[in-house]
Amino acid sequence: SGRQIAIPALRDAHLLAFNISWAKDLGFSQPPSTPKDFQEQVCAAAQARGQAANDGTGGWITSSDPYVLLSWLNAFGWDGLDDLQRDQAQFNTPRSQEALAYLRGLFNRGCAWNSRLPDPYEYFANRQALAYSLTLSQVSLQAETLERLQSKDQWMLLPYPAQTAGSVPSFFTSGDSYAMLVASPQEQLAAWLFMRWMSNPRSQASLAQAGGLLPVTTSAAEQMTPYARQHPGWQQAYDLITTAQPAPNAAAWPYTSLVLSDAAWQTW
């Protein structure tokens, strides 16, 4: 009937990495939950880093990833998600302008900075960044870098802060799904059998562990208890799942995402 339906395979999470130990050394007892808190803490880190090294680092590492900008728009209460799903998104709104002004303000104050290296892991491990945007699939690389550089700092994953009163910090999830092409009955049956096998809890858990990602069913997550014990970052992301929002499922998203990336790039 003119609809496309897919069966979710795995989901990645778009979150913030945050150095708890450094924040405590800077005098903050709690991680940021609002944009104001976030600004205060990353600016304090930038100031502390500037006094020590004067190299422009310390705060949040900027990102032109479309999910990052979408997350910040959402943090400031931008209400265009439903329109985005209908391919009718409007970004020139007071909420989105407030979000962009906030991000530009972080950059102008030296509290957000452009990375010179393609990967942020060593910056974060060396206390050159209090926070940066990452996906769950990057968590193992960050953990390995901290271990390699013998950093004793404790860090955590955070959802993006929430600006509006009463709203809960949240984050987006995205990922691949299974789809079946039009084919012969025999080929379609084979596709169904394959998708059914890949969707059973054991297969889901194995696939999620291989990529460090989230399975799409609770029954699969329950089979990942040993994995969760060995990967605390993954457990943190899973514990936050109730605040997750699905990424835009719109036909125009591949094009809209380019608009968001360009807007982020011009902001910095």
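In this text, all values refer to a predicted model and were calculated from it rather than measured experimentally.

**Q** What should I look at first to understand the overall build of the protein chain in this one?
**A** A count of helices and strands for the protein chain gives 13 helices and nine strands. Across its three principal axes, the protein chain shows a C-alpha extent of roughly 70 × 45 × 35 Å. The buried share among the 268 residues of the protein chain stands at 45%. Taking all contacts inside the protein chain whose residues are at least 6 apart in sequence as the whole, residues at least 24 apart take part in 69%. Counting 16 positive and 21 negative side-chain charges, the protein chain places the averaged centre of each group 4 Å from the other.

**Q** Would you explain the packing of aromatic side chains in this entry?
**A** Aromatic ring pairs: the centre-centre distance and the angle between the two ring planes describe each pair. Under the defined criterion, the tally for this structure stands at 15 aromatic pairs. Relative to W72, the ring of W60 lies with its centre 5.7 Å away and its plane at 75 degrees, an arrangement referred to as edge-to-face. Remark: W72 occurs in helix α3 (residues 66-75) and W60 occurs in strand β3 (residues 58-61); sequence separation between them is 12 residues. On the basis of relative accessibility, which here comes to 0%, the residue W60 falls in the buried class. Seen from their ring centres, W72 and Y160 are 5.3 Å apart, and the 85 degrees between their planes marks the pair as edge-to-face. Of this pair, W72 sits in helix α3 while Y160 sits in the loop between β6 (155-158) and β7 (171-174), and the two are 88 residues apart along the sequence. Each member of the pair, W72 together with Y160, is buried.

**Q** What exactly am I supposed to notice about the environment of Y132 here?
**A** Inspection of the secondary structure assignment puts Y132 in strand β5 (residues 129-135). Taking the C-alpha atoms as reference points, Y132 and Y238, 106 residues apart in sequence, are found 19 Å from one another. If sequence neighbours within four positions are ignored, Y132 has contacts with L15, L16, A17, W60, I61, P120, Y121, F124 and Q142.

**Q** So what exactly am I meant to see when it comes to the environment of A191 here?
**A** Among the structural elements, A191 can be located in helix α8 (residues 185-198). A191 gets classed as partly exposed once you look at its relative accessible area, which sits at 22%. Each C-alpha atom, one on A191 and one on A179, is 8.6 Å from the other, the two residues being 12 residues apart in sequence.

Calculation notes
Residues numbered from 1 in each chain as written. Predicted model: local features only at pLDDT ≥ 70, side-chain atom pairs only at ≥ 80, totals over all residues. Heavy atoms only, no water. Helix = DSSP H or I, 4+ residues; strand = E, 2+ residues; numbered from the N terminus. Buried < 20%, exposed > 50% of the residue type's maximum accessible area, 1.4 Å probe, protein only. Contact = heavy atoms within 4.5 Å. Lys, Arg positive; Asp, Glu negative; His and termini not counted. Charge placed at Lys NZ, Arg CZ, Asp CG, Glu CD. Phe/Tyr/Trp six-rings, centres within 6.5 Å; stacked < 30°, edge-to-face > 60°.

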